[in-house]
Amino acid sequence: MLSQRQLFLKYQAQTTDFPLLLEVERAEGVYMYGPNGERYLDLISGIGVSNVGHRHPEVIAAIHKQLDKYLHLMVYGEVVQGPQVQLSAQLVKTLPSHLNNVYLVNSGSEAVEGALKLAKRYTGRTELISFNNAYHGSTHGSLSLNGSENFKNAFRPLLPDVRQIQHNSLPDLENITTRTAAVILETVQGEAGVRLPALGYLTTLRERCHQTGTLLILDEIQAGFGRTGTFWAFEQFGIEPDMLVCAKGMGGGMPIGAFIASQEVMGSLKNDPLLGHITTFGGHPVSCAASLATLQVLQNSDLLAQVPAKANLFRQLLVHPCIKSIRNCGLLMAAEFESFAVLKPVIDRAILNGVLTDWFLFCDNSMRIAPPLTITEAEITAACQIILKSIKEVFP
Ligand code: PMP
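What you are looking at is a predicted structure, and each value in this text was computed from that prediction instead of being measured. (Residues numbered from 1 in each chain as written. Predicted model: local features only at pLDDT ≥ 70, side-chain atom pairs only at ≥ 80, totals over all residues.)

### Re the sheet that holds strand E15 (residues 363–369)
Here is step 1: Judged by pairing direction, the sheet is antiparallel, and its 4 strands sit side by side in the order E11-E12-E15-E14 without closing on themselves. Every other strand in the sheet has two partners, leaving strand E11 (325–329) and strand E14 (358–360) as the edge strands with one partner each. The average angle at which neighbouring strand axes cross in this sheet is 40 degrees, direction not considered.
Here is step 2: For E14 and E15, the ladder comprises 3 bridges, and the chain directions are antiparallel. The partner of Asp358 across the bridge, within E15, is Arg368.
Here is step 3: Against the sheet, helix H12 (residues 340–352) engages E14 and E15, with an angle of about 35 degrees to E15. (Pairing = 2+ DSSP bridges. Helix = DSSP H or I, 4+ residues; strand = E, 2+ residues; numbered from the N terminus. Axes fitted to C-alpha atoms, helices over the stretch in contact; angles between N-to-C directions. Contact = placed C-beta atoms within 7 Å.)

Printed below as a string of structure tokens:
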């Protein structure tokens, strides 16, 4: 009989030459458990998803409650569904007053698609601007914004009228003109290996968008929902977007995303001349219930307030000549090694030693550290000891 791992390799489409191949039976809090008693401390949270930890009790309770009421009723936007209404109302409360209209979807990529379509519809313009090393998703539209040529080349032609500019380059902002429908930027670039905006950069970008009537879309799919220590990362940079896209951590482990704008902007999406965006499962009630519980856990606990101290502890403990630098915004962290060749064996070793990390799509010399925000100081200490031990074992 084939093992689970063999079945995985035989029947499941493979997405990478380096699948982690971990077999996980159960996950709880910051830990994943294998079938033979293995335990892995999760430092990546399913790529920024399990911000409140795996199977947070309040999230699980909310899911159970909704399971007993109804599952899918109707495509998004037709039937009044409590979990969607409650989630939208609570989301809006976390945002500046003009971001008061929520479109719930299934994923990050779909949220980006919706935001792009909305920007075109509202402005009547077609040009879209994104940044080098940006990651906004894997569908044709969101892929068009991707900041890596390697990822796009096999799939051309992609969306026309997309321009890429250099992140943090002030002169490049001149490319934003009255032709530009929208600029889309990750508030903190994730797959680029945690790249923060330079001091004042976002203010200048914000001004340029105002001047040219261009919509500024912030992608907080990876940085939002508390990951950086504030509910939204943009709160730390003194600007407000015209649209926000979120997903990942939003669902507390369930699939959900959203694009959020003002009522005025969002109003341009409906019925003229055709429906603007259609989604069967968008805002699934079970996902909405999980998301609302996640939001409440973040708001009613001191998890966000603890983020800076937890991030600092990682910084203090991860000291080794192999670690060249650490970039972070809260618990969205990247530890830079000399190269992938140095990093990869350390990651493999750390997994054997019980700590799960990986690297970034566009930055393969950096270790991804984005644990559940619920991680304790003792668990951080244990995780760092295992990483350092793994480095020593690989490079004695
Ligand atoms: N934007 C950002 C910043 C992301 O990190 C991701 C996922 N890594 C996406 C968009 C796409 O989200 P999804 O995989 O849910 O489509």
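Next comes the rest of the write-up.
### Focus: the packing of H12 against helix H13 (residues 377–394)
Here is step 1: Where H12 contacts H13, the axes come no closer than 8 Å and their chain directions differ by 120 degrees. The angle between the axes of H12 and H13 places the two elements in the oblique class. Between H12 and H13 lies a crossing of right-handed hand. Listed contacts from H13 to Pro345, Val346, Arg349 and Ala350 of H12 are Ile386, Ile387, Ser390, Ile391, Glu393 and Val394. (Parallel < 35°, antiparallel > 145°, perpendicular 65-115°, else oblique. Left-handed = near helix turned anticlockwise from the far one by under 90°.)

### Remarks on H13
Here is step 1: In this model H13 runs 26 Å from its N-terminal to its C-terminal C-alpha over 18 residues, within 8% of the 26 Å that 1.5 Å per residue would give.
Here is step 2: For H13, the elements touching its buried residues are strand E3 (39–42), helix H11 (303–317), H12 and strand E13 (355–356). (Expected span 1.5 Å × (residues − 1).)

### Considering the domain arrangement of the chain
Here is step 1: Taken domain by domain, the chain consists of domain 1 (4–56 + 302–394) and domain 2 (58–300).
Here is step 2: Each of domain 1 and domain 2 was reduced to a C-alpha centroid, and the two centroids are 26 Å apart.
Here is step 3: Each partner contributes to the interface: domain 1 provides 27 residues, whereas domain 2 provides 30 residues.
Here is step 4: Going through the elements one at a time, H11, E11, strand E12 (332–336) and E15 are the ones with two or more residues in the side of domain 1 that touches domain 2.
Here is step 5: No other element matches H11, which puts 4 residues into the side of domain 1 that touches domain 2. (Domains from an automatic or database assignment.)

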